[in-house]
Amino acid sequence: MSDVTALKTAVEKLFPEVSAERLMEYTGTIAQWERLSGSGDERRAFDYAEETLRGFGFETARHNPLCYVSLPIAASLTIDGNATGGHTITHSFSTSTGPDGVTGELVYVGRGTDAEYAGKDVRGKIAVTDGLAGPAKVGPAERAGVIGMINVNAFEVHDMIVSPVWGNPNPQNIDNLPTIPHISVDGETGQRIKEQIEQGATEARVVTEVDTGWRPLPVLVAKLDAPTGADDYVLLSGHIDSWYYGAMDNGSANAAMIESARVLAAHRDLLRRGVHVAFWSGHSHGRYATSAWYADAFWQELHDQCVAHVNIDSPGAVGATKLMPIGGMAETYPASRDLFQQLYGEALPYQRIGRGGDQSFWGVGIPSVGGDIFRQADVDERRKDLSGVFGWWWHTPDDTMDKLDPDNLQRDACVLLAAVYQYATATLLPITQSAAVDEIRTALNDIATAASNTFDLSSAQRDVDALRRATEALDARAQQPVTAEQAEQINRCQMHISRLLIPVNYTQNGQFVQDPALGSPALPGLRPAATLSNLPEQSDERQLALTSLRRELNRLRFSLNEARRTIEATLAIIS
């Protein structure tokens with residue numbers, strides 16, 4: 001019997017223990033409270049989760065770090081002295097204008113990218129953009145000099161957070177917080193605004209009130225030790241804070257975490273590694289504040305002991321029948337794909353995980369495992385802003401219990417349980433480093449081609465080819481029988497390689513500083529090499545870019561060579 005077949009047999013025995021009734025009960029209890037970050041109702045939800053998990057035999061710890069949190073209160077919009085009507089809201093980390101607001105001429109700038117501002121007279125005006133509010137719009141708006149932003153949502157208005165600063169700000173990035181007011185309006189109101197702009201110059205007045213400051217936020221970590229006494233563990237996490245009652249986002253995820261924890265505790269004797277279940281605050285109103293804090297406060301423990309991070313968000317919705325690309329890493333995808341194929345007979349597509357969802361542990365080098373798979377199947381006008389992923393009620397007052405399907409929630413909780421069980425019980429960690437190296441090599445070759453003669457990456461290309469050969473040897477050895485001691489050596493090798501490759505493949509700022517909440521392509525630190533030729537040869541900008549690229553090349557080459565040496569040393573020991 002193959003390892004994946006044996007794993008399928010094991011988890012399928014546990015699936016009948018996952019109860020739809022319990023899941024809906026947990027969700028209903030948590031979703032009775034509006035869980036703004038740092039609020040009393042949010043703490044009641046944390047108390048409930050802690051009490052429930054302690055009843056299953058978990059050891060719990062609560063933390064209350066001070067975090068920078070922003071709670072939107074009110075917004076209004078008038079055009080040419082007339083109220084616009086419709087639904088208008090402001091956002092977390094928008095500025096507060098005071099009662100007089102800001103006044104300026106309206107200008108339409110499409111999706112609000114740098115390219116769409118180019119060539120337009122926008123300084124001192126209020127920008128109107130299509131789509132959700134978000135951090136990607138902040139930089140272009142600030143650089144263009146607009147004094148306010150109106151986001152036109154496709155249909156419903158969705159609460160959002162506009163700060164690009166991940167976690168608590170520090171002296172180096174606090175200036176990246178927004179300095180202008182951001183509001184959103186519903187689609188019907190937005191269409192009227194765009195028609196008014198087409199008819200001639202219009203003057204708008206935007207008023208916002210936002211409560212932003214430092215406040216203590218709860219963090220709950222519940223720990224279930226393995227009977228083996230092993231120090232290493234799987235981290236399962238999700239946020240409790242919510243917009244409004246947040247039944248889908250994220251009450252159902254909290255329920256899936258709790259139910260998975262209950263089943264795992266009942267079968268603790270099967271675990272080779274511990275399971276730590278973490279509940280975050282500050283996801284929605286602090287840009288992942290507490291998961292980022294936890295990465296800082298427990299960096300060394302996470303580095304030494306955490307084998308994988310499984311995050312869950314918004315499972316179990318009505319109509320969520322479409323199999324989505326799994327948001328994971330190249331090195332964790334093969335194991336997820338093979339297990340899903342065994343369990344459901346379907347091909348699980350891959351998508352590189354994005355920079356969001358409390359993914360605060362890339363700098364530490366912890367592999368991420370996709371915990372969200374099924375989403376709404378059909379894209380309609382009400383969900384155009386959401387890329388067909390979430391229901392139209394996402395981040396609105398309508399995220400209530402009627403948006404959940406008990407059968408879908410049970411299905412998604414089983415998928416989550418299988419993902420955690422796989423990493424908590426495997427003799428050899430189900431990580432395929434050759435797949436990570438392939439992703440790095442492809443990205444490196446693409447960047448080298450684009451850079452052409454402006455920046456030489458051939459040394460790194462040779463290094464990555466050598467590492468690829470080493471990972472092939474590691475993969476081959478992992479397919480052979482191993483003793484307990486050899487398995488430990490291979491697993492430590494796998495963890496060390498992840499600590500080297502994930503930071504360079506996923507971060508610009510490295511191991512100890514969080515990157516902004518923006519996109520994260522493979523090898524993000526080397527991406528400027530692809531556009532170096534666009535800069536004049538003797539310009540300051542080009543020389544500054546070259547200095548940064550040389551250092552990034554050193555970081556990449558060190559990581560590649562250290563990973564290769566680690567594999568070679570491990571294979572020498574266990575051969």
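In what follows, the structure referred to is the one given above.
These numbers were taken from a predicted model, which means no experiment stands behind them. (Residues numbered from 1 in each chain as written. Predicted model: local features only at pLDDT ≥ 70, side-chain atom pairs only at ≥ 80, totals over all residues. Heavy atoms only, no water.)

*Asks:* Can you tell me about the packing of aromatic side chains, naming the residues and giving the values?
*Replies:* Applying the stated criterion across every chain yields a total of 15 aromatic pairs. Ring geometry for Phe390 and Trp394: centres 5.4 Å apart, planes at 10°, overall stacked. Three or more aromatic residues joined by ring pairs make a cluster, and in this case those are Trp280, Trp293, Tyr294, Phe298 and Phe361. The residue whose ring lies beneath Arg352 is Tyr506, and the NZ or CZ to ring-centre distance is 3.7 Å. Over the ring of Trp166 we find Arg355; its NZ or CZ atom is 3.6 Å from the centre of that ring. (Phe/Tyr/Trp six-rings, centres within 6.5 Å; stacked < 30°, edge-to-face > 60°. Lys NZ or Arg CZ within 6 Å of the ring centre and 35° of its normal.)

*Asks:* Talk me through the pattern of salt bridges; I want residue IDs and the actual numbers.
*Replies:* Under the definition given, this model contains 25 salt bridges. Linking Lys125 and Asp121 is a salt bridge whose minimum nitrogen-to-oxygen distance equals 3.4 Å. By relative accessible area, which is 13% here, Lys125 ends up buried. A residue is classified by how much of its surface remains accessible, and Asp121, at 55% relative accessible area, is exposed. For Asp463, the salt bridge goes to Arg557, with nearest N and O atoms at 2.5 Å. Of this pair, Asp463 sits in helix H13 (residues 458-478) while Arg557 sits in helix H15 (residues 540-574), and the two are 94 residues apart along the sequence. For Arg557, a relative accessible area of 31% translates into the label partly exposed. Look at the salt bridges and you will find they share partners, linking Asp438, Arg441, Asp465, Arg468 and Glu472 into a network. (Salt bridge = Lys/Arg side-chain N within 4 Å of Asp/Glu carboxyl O. Buried < 20%, exposed > 50% of the residue type's maximum accessible area, 1.4 Å probe, protein only. Helix = DSSP H or I, 4+ residues; strand = E, 2+ residues; numbered from the N terminus.)

*Asks:* How would you sum up the packing of helix H10 (residues 333-344) against helix H11 (residues 406-425)? Please name residues and give values.
*Replies:* At a minimum axis separation of 11 Å, H10 and H11 run at an interaxial angle of 130°. Judged on the interaxial angle alone, H11 and H10 are oblique. Along this stretch, H10 crosses H11, giving a crossing that reads as right-handed. Between H10, through Ala335, Ser336, Leu339, Phe340, Leu343 and Tyr344, and H11, the contact on the second element is made entirely by Arg411, Cys414, Val415, Ala418, Gln422 and Tyr423. Grouping the amino acids of the contact of H10 with H11 by side-chain chemistry returns nine nonpolar, two polar and one charged. (Axes fitted to C-alpha atoms, helices over the stretch in contact; angles between N-to-C directions. Parallel < 35°, antiparallel > 145°, perpendicular 65-115°, else oblique. Left-handed = near helix turned anticlockwise from the far one by under 90°. Contact = heavy atoms within 4.5 Å. Nonpolar A, V, L, I, M, F, W, Y, C, P; charged D, E, K, R; others polar.)

*Asks:* Could you give me a rundown of the sheet that holds strand E4 (residues 88-90), with the residues and numbers involved?
*Replies:* Taken in spatial order, the eight strands of this open sheet run E3-E2-E9-E5-E6-E7-E8-E4, and their pairing is mixed. Strands at the two margins of the open sheet, each flanked by one partner only, are strand E3 (82-83) and E4. As defined by bridge partners, strand E6 (residues 126-130) adjoins strand E7 (residues 148-152) across five bridges and the pair is classed as parallel. If you follow Val128 over to E7, its bridge partner there is Ile150. Docked against the sheet, helix H6 (residues 187-199) engages strand E2 (66-79), strand E5 (102-108), E6, E7 and strand E8 (182-185), running at close to 85° with respect to E5. (Pairing = 2+ DSSP bridges.)

*Asks:* So, the sheet that holds strand E10 (residues 219-224): which residues are in play, and what are the values?
*Replies:* What the six strands build is an open sheet, ordered E1-E10-E12-E11-E13-E17; its pairing is mixed. The strands lining the two open edges of the sheet, one partner per strand, are strand E1 (59-63) and strand E17 (368-370). Within this sheet the neighbouring strands show an average axis-to-axis angle of 20°, counted without direction. This element, helix H3 (residues 40-55), spans E1, E10 and strand E12 (274-280) of the sheet and lies at about 160° to E1.

*Asks:* Go over the environment of Lys8 with me, naming the residues and quoting the values.
*Replies:* Positionally, Lys8 belongs in helix H1 (residues 3-14). For the pair Lys8 and Leu339, spaced 331 residues apart in sequence, the C-alpha to C-alpha distance is 6.7 Å. Those residues in contact with Lys8 that lie beyond four places of it in its chain are Leu339, Gln342 and Leu343.

*Asks:* Talk me through the nonpolar core; I want residue IDs and the actual numbers.
*Replies:* The nonpolar side chains of soluble globular proteins are, as a tendency, buried together. Ranked by internal contacts, the top residues of the largest apolar core, which has 79 residues, are Phe58, Leu236, Leu264, Val277, Phe279 and Val310. Filtering out sequence-adjacent residues up to four positions away, Leu264 remains in contact with Leu224, Leu271, Val275, Leu417, Val420 and Tyr421. Counting residues in each nonpolar core, the second largest holds 38 residues, with Ala487, Leu535, Leu546 and Leu560 among its members. (Core = buried A, V, L, I, M, F, W, Y, C linked by side-chain atoms within 4.5 Å.)

*Asks:* Describe the side chain of Asn505, and please don't skip the residues or the numbers.
*Replies:* Along the chain, Asn505 falls in helix H14 (residues 484-506). Taking relative accessible area as the criterion, Asn505 reaches 2% and is therefore assigned buried. Contacts of Asn505, omitting those with residues within four sequence positions, involve Arg352, Glu439, Ile440, Pro521, Ala522, Leu523 and Pro524.

*Asks:* Please provide a residue-by-residue account of the packing of H13 against H14, values included.
*Replies:* When two helices pack together, their arrangement is given by the angle between the helix axes and the distance between those axes. Two numbers describe how H13 lies on H14: the axes approach to 12 Å, and their chain directions differ by 150°. In this view, H13 runs roughly antiparallel relative to H14, as classed from their interaxial angle. Once H13 is placed against H14, the crossing between them reads as left-handed. Of the residues in H14, those in contact with Leu467, Leu474 and Arg477 of H13 are Gln486, Ile490, Cys493, Gln494, Ile497 and Leu501. Split into classes, the residues belonging to the contact of H13 with H14 amount to six nonpolar, two polar and one charged.

*Asks:* Pulling in residues and values, what's your account of the pairing of strand E9 (residues 203-216)?
*Replies:* Where E2 and E9 come together, 13 bridges link them in antiparallel fashion. Counted as the bridge partner of Pro72 is Val210 from E9. The pairing of E5 with E9 spans four bridges and is antiparallel. Pairing of Thr103 across the sheet is with Arg205, part of E9.

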